Amino acid sequence: MLSDSEAAELLSFLTPSTRPDVKGKATEYILGMSGSRNGCRFLRSNPNLIAALFELTSDPSVAIVKDCYHILINLSADETLHQVLVSEVKVLPVLLKKLQDPEYLFSDQISTILSNLSRHEKTCRTVFKVLQDEVGLPKLVEILCNESYNKKAKLHYLGPLLSNLTQLPEARSYIMDPDRCVIQRLLPFTQYEASVTRRGGVIGTLRNCCFDHSHHEWLLSDTVDMLPFLLLPLAGPEELTEEENEGLPVDLQFLPEDKKREEDPDIRKMLLETLLLLTATKAGRQALKQKNVYPVMREFHRWEKDVYVAAACEKLIQVLIGDEPEQGMENLMEVEIPQDVEEKLQEAHTKEQEELGKEEERMRREEEEEKKKCEQTD
């Protein structure tokens, strides 16, 4: 890494008045540095360099601004730099102000940085506080739900940003405020085909909201009607009996032969986890059983090839076909679990994940062998 004198010389090149070609070489050099762990460590110990780079995000040269934002993306991906960026360089107020500009060219980069900075709870709280002071969560949701807000940026990473923010109870309270009709605006994005990032972020937001079990009955009521939006991406073209179809929500009845399921396994798993969270309460279990969720899950399980997703589906099916918990245990999120039992459950979970990993590896090897056989035949 650079010596102190070399770092000072590099800093002298990162000023607004420096010749563009010299600035460009300096930002290009730091961009390469920011792609490595050692480089990030060096920049962490030299916050004045980061501050100078952040100032250059207002440079007249688009190429220099682009380099600076890419550096900030790399740095924000490193958790150890979060406090430097947020507390020392104080990037948040400026980034959030620029994000609101519908003409700003680098709003996608800003969305990515904010998403990175909000992944972990400590910094997420700071991001949420500054967001509320500078912009407000309503404005963020408005920008996310308006696909044409900025014609120069796609803003897909606002989905993961919102998902990260809803790890906080305060953010979830806003999203699920019955008087605001926010969560209803998000539901159509569970089938948003233009971006897996935005789609996954919104589904992550819905999953986080379902941790607040007191809202389950409202989420499944006609006021919100969340269930069809969670089920439809998991439903396929298989024919169900007339009785099974009639019990389903209207949007899932008699689906066409070309109906496709969600392609991303991580998103499929999130959808299943969201449904499983809804079964933690008696009202949720009853709603899912009354709406005939089981036949959809049965066909999904036959179709699913990913071992981790299939395992999540099996857990949901067990709840749907199982007996109701005994009296006093109806709300599974409020059940007190003794420490020794919790440790055993954790051990069982770890063992299950190991077994699933082995199964996944076995299936991968079989696929490779089959592929080799086909190539030899050809």
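Residues numbered from 1 in each chain as written. Predicted model: local features only at pLDDT ≥ 70, side-chain atom pairs only at ≥ 80, totals over all residues. Heavy atoms only, no water.

Looking now at the nonpolar core. In this structure, L165, I183, M226 and M297 are the most contacted members of the largest nonpolar core, which totals 108 residues. If one sorts the elements of this core by residue count, helix α5 (residues 62–76) sits on top with eight residues. (Core = buried A, V, L, I, M, F, W, Y, C linked by side-chain atoms within 4.5 Å. Buried < 20%, exposed > 50% of the residue type's maximum accessible area, 1.4 Å probe, protein only. Helix = DSSP H or I, 4+ residues; strand = E, 2+ residues; numbered from the N terminus.)

This next bit is on the packing of aromatic side chains. Centre-to-centre distance and the angle between the planes together describe a pair of aromatic rings. One pass over the structure, following the stated rule, counts five aromatic pairs. For the ring pair Y69 and Y104, a centre distance of 6.4 Å and an interplane angle of 75° mean the geometry is edge-to-face. Placement of the pair is Y69 in helix α5 and Y104 in the loop between α7 (92–99) and α8 (107–117), with a sequence separation of 35 residues. When sorted by exposure, Y69 lands in the same class as Y104, which is buried. Measuring from centroid to centroid gives 5.4 Å for Y69 and F106, while their planes differ by 25°, and the two rings are stacked. Here Y69 is found in helix α5, whereas its partner F106 is found in the loop between α7 and α8, with 37 residues between them in sequence. The exposure classification of Y69 matches that of F106, with both residues buried. Joined through ring pairs, the aromatic side chains of Y69, Y104 and F106 make up one cluster. (Phe/Tyr/Trp six-rings, centres within 6.5 Å; stacked < 30°, edge-to-face > 60°.)

Okay, the pattern of salt bridges next. Using the criterion set out here, one finds 17 salt bridges in the structure. Between E262 and R199 there is a salt bridge whose closest N-O contact spans 2.7 Å. Taken together, the positions of E262 in the loop between α17 (242–247) and α18 (265–278) and R199 in helix α14 (residues 196–209) put the pair 63 residues apart, joining distant regions of the chain. Across the pair E238 and R261 runs a salt bridge, and its minimum N-O distance is 2.8 Å. With E238 in the loop between α16 (227–231) and α17 and R261 in the loop between α17 and α18, this pair connects stretches of sequence that are 23 residues apart. Under the relative-accessibility criterion, R261 is labelled buried at 9%. Among the ionic contacts, a cluster of salt bridges with common partners joins E244, R298, E299 and R302. (Salt bridge = Lys/Arg side-chain N within 4 Å of Asp/Glu carboxyl O.)

Right, let's talk about unusual backbone geometry for a bit. Phi angles above zero are rare outside glycine, and K90 is one such case at about 55°. Tracing the sequence through the fold places K90 in the loop between α6 (82–88) and α7. Note on K90: relative accessible area 52%, which makes it exposed.

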